Amino acid sequence: MAASSRAQVLDLYRAMLRESKRFSAYNYRTYAVRRIRDAFRENKNVKDPVEIQTLVNKAKRDLGIIRRQVAEQGTATRRKSGNSSRSLGKPCTSWP
């Protein structure tokens, strides 16, 4: 594996782990971290540049999915908890 390819793979691995650790639910978080580690370990001996690039592209797509899920989870949590100006203790300006 070329040095630039290796650096790209390591950056991607770290980014995926970092994003996965942002899941608020313990089960999602531990599952995601375990799957990422297992997948990268399983493919650590791949030498074919074409296959490496295919795996990198798949990991980039998966990173995007993780980011969207973490963002959606945060949005759903805020909606569920009712985070509005009233629940934050700010004065209500819409009162007559």
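Residues numbered from 1 in each chain as written. Predicted model: local features only at pLDDT ≥ 70, side-chain atom pairs only at ≥ 80, totals over all residues. Heavy atoms only, no water.

Taking an unreviewed UniProt entry as the reference, the chain is identified by name as LYR motif containing 4 belonging to Pongo abelii. UniProt, in the comment section headed Sequence similarities (unreviewed entry), describes the chain in these words: "Belongs to the complex I LYR family." (UniProt positions renumbered as here; feature names shortened; annotations may be inferred.)

(A) Seen up close, the pattern of salt bridges. For the structure on display, the rule yields four salt bridges. Note that Arg-22 is salt-bridged to Glu-19, the shortest N-O span being 3.0 Å. Of the charged contacts in the structure, one is a salt bridge between Asp-62 and Lys-58, with a shortest N-O distance of 2.9 Å. Taken together, the positions of Asp-62 and Lys-58, both in helix 3 (residues 49–81) and four residues apart, correspond to about one turn of that helix. Each member of the salt-bridge network shares a partner with another, and the members are Glu-19, Arg-22 and Arg-67. (Salt bridge = Lys/Arg side-chain N within 4 Å of Asp/Glu carboxyl O. Helix = DSSP H or I, 4+ residues; strand = E, 2+ residues; numbered from the N terminus.)

(B) Representation of the side chain of Glu-19 in the model. By the element assignment, Glu-19 lies in helix 1 (residues 3–20). Given a relative accessible area of 12%, Glu-19 falls into the buried group. The residues contacting Glu-19, other than those within four sequence positions of it, are Leu-63, Ile-66, Arg-67 and Val-70. (Buried < 20%, exposed > 50% of the residue type's maximum accessible area, 1.4 Å probe, protein only. Contact = heavy atoms within 4.5 Å.)

(C) Expanded view of the confidence of the model for the chain. Here the chain averages 85 in pLDDT, and 78% of its residues register 70 or above. No element of the chain has a lower mean pLDDT than helix 3, at 89, and none a higher one than helix 2 (residues 26–42), at 96. Here residues 92–96 is a poorly scored stretch, pLDDT under 50, and it has two contacts once near neighbours within four places are set aside; other chains count. (pLDDT = per-residue confidence, 0-100.)

(D) Just the nonpolar core, in detail. Core analysis: the largest hydrophobic core is formed by 16 residues, its most contacted members being Leu-12, Met-16, Phe-23, Ile-36, Val-56, Leu-63 and Ile-66. Elements with a minimum of two residues in this core: helix 1, helix 2 and helix 3. Here this core gets six residues from one element, more than from any other, and that element is helix 3. Excluding its chain neighbours within four sequence positions, the residues that come into contact with Phe-23 are Tyr-28, Arg-29, Ala-32, Ile-66, Gln-69, Val-70 and Gln-73. (Core = buried A, V, L, I, M, F, W, Y, C linked by side-chain atoms within 4.5 Å.)

(E) Here's a closer look at helix 1. Between its terminal C-alpha atoms helix 1 stretches 26 Å, which fits the 26 Å expected from 18 residues at 1.5 Å a residue. Of all the positions in helix 1, only Ser-5, Val-9, Leu-12, Ala-15, Met-16, Leu-17, Glu-19 and Ser-20 are classed as buried. (Expected span 1.5 Å × (residues − 1).)

(F) Helix 2, seen in detail. Relative to the 24 Å expected for 17 residues at 1.5 Å per residue, helix 2 spans 24 Å between its end C-alpha atoms, a close match to the ideal helical length. Along helix 2, the residues that are buried comprise Ala-32, Val-33 and Ile-36. One face of helix 2 carries all of its buried residues, which in axial projection span an arc of 95 degrees. Residues of helix 2 that are exposed and point more than 90 degrees away from the buried face comprise Tyr-26, Asn-27, Arg-41 and Glu-42. (Arc of directions from axis to C-beta.)

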